[in-house]
Amino acid sequence: MDFPTRFDVIVIGGGHAGTEAALAAARMGVKTLLLTHNTETIGVMSCNPAIGGIGKSHLVKEIDALGGAMARATDKAGIQFRTLNSRKGPAVRATRAQADRALYRAAIREIVEHQPGLSIFQQAADDLIIQGDKVTGVVTQTGIRIHATTVVLTAGTFLGGKIHVGMENYSGGRAGDPPAIALSQRLRELPFRVDRLKTGTPARIDGRTVDYSVMQAQPGDTPLPVMSFMGSVDEHPQQVNCYITHTSEQTHDIIRANLDRSPMYAGVIEGIGPRYCPSIEDKIVRFADKTSHQVFVEPEGLSTFELYPNGISTSLPFDVQVDFIRTLKGFENCHITRPGYAIEYDFFNPQDLRHSLETKFIQNLFFAGQINGTTGYEEAGAQGLLAGVNAALRVQEKDAWAPRRDEAYLGVLVDDLITMGTKEPYRMFTSRAEYRLLLREDNADARLTEKGRELGLVDDIRWAAFCTKMEAIEQEKNRLTSTWIQPGTAAGDQAAKVLDQPLTHEYSLMDLLKRPNANYAMIAGLKGEAPELPEQVTEQVEIAAKYDGYIKRQEQEIAALRRQENTRLPDNFDYDTISGLSNEVRQKLKEVRPETIAQAGRIQGVTPAAVSLLLIQLKKMA
Ligand code: FAD
């Protein structure tokens, strides 16, 4: 048979983790196969067609800075863009885009199909080929054996997937797609710790049957944001409004009266759901005193009337869904096009992974995405990219790479997962990062693109654009630092006027820009002509001026921490031989098996004293 049955990397699953993994490996020049249930569902958004939001857009921009696809697809598919927290500091500012579901999928598919070195094959992976403690390939549902040096598993919600609508349930990977049962059973035979999580989605509605005129319109922002560092507003399709409506006491009464028919409350579902994206029945029970909840009415696309009512995800029986959704203002006569449902699925304890996302028990096997206990496209995509990179690095016989917590939200995400594990679907927030001021969405390229270039992830076009931007930022910072304004001169008088304060002595333009009421546009042309610079450049100059002191302080803290990050704990480190450790701490260290002293210190309950004991033991072993 003249069919390629040997690849460097096989990625199982064409979702958000799988596409970024396959693209990253292929960009690094290794022969890659994307093996997925259905080629038509590559890049499908299982739930809300929206990308970004607080904490999440930081991940999207990091994927982008490393040459990934998510932000580029969002720019081609986004039909409503907003900057969240725009009045707050730059660390928590976030871009969010409502996407056209079909355009997003098409954009991802196009990027995947145009990636040299990447092949696609439509088949379910039913088994892994394992020799000793190493994975060496995959067996598909029709018995085709495909070999590879490394395998990345990104099966999403499909492993042992079970869909619930009221007390009815059936096996499925998500509505309309089959589950992965054989592979789930096979993985349960391996030494991984497996558990169940659940997530849910609301009913979809025919937009022609709702009355938008009684809802509050929510237009996108002007000027229009872009998601990718390489993106432009010219790529955006037509922009449309989202809307807001509310639940009422009547809605809540209907839900409350039917809780005994909810699989969650009747004890049929065992998996834990996402705390920050609760179902409507959950909200009504947990926030019993609230008489109304907001519902964001979001279009699914430009070529469909379907809409996504964000905020009422549910697993209640269909008849209850019809009744309670019709109590929303503007939804009185609505037609439901798809019922809401909950899905339970297998996930693996991420403490069984290394920072590279390679599993500890099976060499050359990497896990990424929802199967590691996360929720969200962005969290999945970021992990996929990292797993793809490390799968390719292993093929190239190079050391693994993972960004540190002070370098990227991707570093925070992976370190949180493998250090602390998770009992509920993990989503990213800016509050999870201790160095928020350094990890902004606007500087993801400055933090990561150089590394991406070194790894082989960043192409010549992106690299050239990045270098031009960095050079322009540096030049403009130099100009502002070396341009001085004296009181009593024409420039000094103008400065006093725009800043509404007389100058007491000589200042550089950079000094003036640091003042709370100053911005770049006010200051740049006070003396000499300001160069014409893109906003991406002037924004960086302004942030550098305003946050210089805080940034330097965070950088000093990081330098101290870095010594601990660089102190590695060997895989076979014997915690039983260290006297002085409490049994609880010993147990936790054995459970997590931290890779560095810094990671050990982040495990809950591991005290500084315990860390000192580890350091003493390391010294003895040296
Ligand atoms: P997926 O996007 O699920 O992709 C998995 C891919 O693997 C699919 O292409 C599948 O066909 C393929 N696959 C699986 N098994 C095999 C196999 N054996 N062989 C070959 N191919 C295989 N996220 C939120 O942030 N908020 C929410 O409220 C939310 N609600 C959700 C509700 C539902 C009902 C679902 C299904 C998901 C929800 N999500 C939500 C999660 C979001 O969809 C996921 O986080 C994201 O899609 C995970 O990406 P992934 O790449 O890990 O997996």
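This text goes with the structure placed above it.
Cut-offs and rules
Residues numbered from 1 in each chain as written. Predicted model: local features only at pLDDT ≥ 70, side-chain atom pairs only at ≥ 80, totals over all residues. Heavy atoms only, no water. Helix = DSSP H or I, 4+ residues; strand = E, 2+ residues; numbered from the N terminus. Rg over C-alpha atoms; globule rule 2.2 N^0.38 Å. Buried < 20%, exposed > 50% of the residue type's maximum accessible area, 1.4 Å probe, protein only. Contact = heavy atoms within 4.5 Å. Areas by Shrake-Rupley, 256 points an atom, 1.4 Å probe, with all protein chains shown as cover. Lys, Arg positive; Asp, Glu negative; His and termini not counted. Charge placed at Lys NZ, Arg CZ, Asp CG, Glu CD. Near = heavy atom within 4 Å. Polar contact = N/O pair within 3.5 Å; in protein donor to acceptor, adjacent residues only side chain to side chain. Pairing = 2+ DSSP bridges. Axes fitted to C-alpha atoms, helices over the stretch in contact; angles between N-to-C directions.

**Concerning the overall build of the chain**
Looking only at helices and strands, the chain features 19 helices and 22 strands. Over its C-alpha atoms the chain spans a radius of gyration of 26 Å, differing by no more than 12% from the 25 Å that the globule rule assigns to 622 residues. C-alpha extents for the chain along the principal axes are approximately 80 × 70 × 60 Å. Residues counted as buried form 56% of the 622 residues belonging to the chain. Sequence separation of 24 or more characterises 73% of the internal contacts of the chain that already satisfy a separation of 6 or more. In the structure as shown, the chain presents an accessible area of about 26,100 Å², 49% of it carried by carbon and sulfur atoms. For the chain, the distance from the average position of its 70 positive side-chain charges to the average position of its 78 negative side-chain charges is 4 Å.

**Here's the deal with the site of the ligand**
Taken together, 35 residues form the shell around the ligand, and within it H16, A17, A125, Q370 and G376 come nearest. Between the ligand and G14 there is a distance of 3.4 Å, counted from an oxygen atom to a backbone nitrogen or oxygen. In the environment of the ligand, an oxygen atom lies 3.0 Å from a nitrogen or oxygen atom belonging to the side chain of H37. If the ligand stood free it would expose 990 Å²; the protein chains cover 96% of that surface. Elements supplying a minimum of two residues to the shell around the ligand: helix 1 (16-27), strand 2 (32-36), strand 12 (194-201), strand 19 (341-348) and helix 9 (377-395).

**Side note on the sheet that holds strand 11 (residues 168-171)**
With respect to topology, four strands assemble into an open sheet ordered 11-10-19-12, the strand pairing being antiparallel. With one partner strand each, in any of the chains shown, strand 11 and strand 12 form the two edges of the open sheet. Pairwise comparison of adjacent strand axes, ignoring direction, gives a mean angle of 25° for this sheet. Note: strand 12 against strand 19, eight bridges, orientation antiparallel. Pairing of T199 across the sheet is with I343, part of strand 19.

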